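Report on the structure
The primary structure of each chain is shown beneath.
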Amino acid sequence: MTELTAEDKKLVTLARATRARTGAAEGAAVRDSDGRTYAAATVDLSSLQVSAVGVCIAMAVASGSRGLEAAVVLTEATEVASGDLAALGEFAGAGLPVHRGDGRGRVLETLTTPVGAEPA
């Protein structure tokens, strides 16, 4: 298990609670550069599909955030979707820690957004 800061543990709790409350495939949470947090679950409607990460980024952008400090994705998938990593990198830049965990909130790995990602 990856060692998390107290602030990153809060993100895990938020992502886990959101995922459990909605029964969604994924839960995610991010902390922006001002310390605000955003948590979301996957949206899977017949007319709209958005990943949990995508919803978090949209909420942060809509709130006027200028960047992110960390992200958590709780999923049963074996990896964070490449589109989600790309979106995180586009908004936050390279080196953003992205913690991937299972549905119970156990963090399995910590990735970083790729070098070459430029913040918005």
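For the structure itself, look to the data block above.
Read on for a plain summary of the structure.

Parameters and conventions
- Residues numbered from 1 in each chain as written.
- Predicted model: local features only at pLDDT ≥ 70, side-chain atom pairs only at ≥ 80, totals over all residues.
- Heavy atoms only, no water.
- Helix = DSSP H or I, 4+ residues; strand = E, 2+ residues; numbered from the N terminus.
- Contact = heavy atoms within 4.5 Å.
- Pairing = 2+ DSSP bridges.
- Axes fitted to C-alpha atoms, helices over the stretch in contact; angles between N-to-C directions.
- Parallel < 35°, antiparallel > 145°, perpendicular 65-115°, else oblique.
- Left-handed = near helix turned anticlockwise from the far one by under 90°.
- Nonpolar A, V, L, I, M, F, W, Y, C, P; charged D, E, K, R; others polar.

1. A closer look at the side chain of Arg 100
As for its position among the elements, Arg 100 is in strand β6 (residues 97-101). The contacts of Arg 100, once residues within four sequence positions are left out, are Val 73, Thr 75, Ala 77, Thr 78, Glu 79, Val 80, Arg 106, Val 107, Leu 108 and Glu 109.

2. Some remarks on the sheet that holds strand β2 (residues 37-41)
Adjacent strands of a sheet pair through backbone hydrogen bonds, lying either parallel or antiparallel. Here we have five strands laid out as an open sheet, ordered β2-β1-β5-β6-β7, and mixed in their pairing. What marks the edges here is a single partner per strand, and that holds for β2 and β7 (107-112). Across this sheet, the average inter-strand angle for adjacent strands is 15°, counted without regard to direction. Here strand β5 (residues 68-74) pairs with β6 via four bridges, running parallel. Bridging from a neighbouring strand, Ala 71 pairs with Val 98 of β6. Docked against the sheet, helix α2 (residues 52-62) engages β1 (27-32), β2 and β5, running at close to 145° with respect to β2. Where helix α3 (residues 82-92) meets the sheet, it contacts β1, β5, β6 and β7, and its direction lies at approximately 165° from that of β5.

3. Topic: the packing of α2 against α3
Taken N-terminus to C-terminus, the directions of α2 and α3 make an angle of 20°; their axes are 9 Å apart at the nearest point. The orientation of α2 relative to α3 falls into the category roughly parallel. For the element pair α2 and α3, the recorded crossing hand is left-handed. Counting all contacts with α2, which are made through Val 53, Gly 54, Ile 57, Ala 60 and Val 61, the residues of α3 involved are Asp 84, Ala 87, Leu 88 and Phe 91. Class assignment of the residues belonging to the contact of α2 with α3 gives a composition of seven nonpolar, one polar and one charged.

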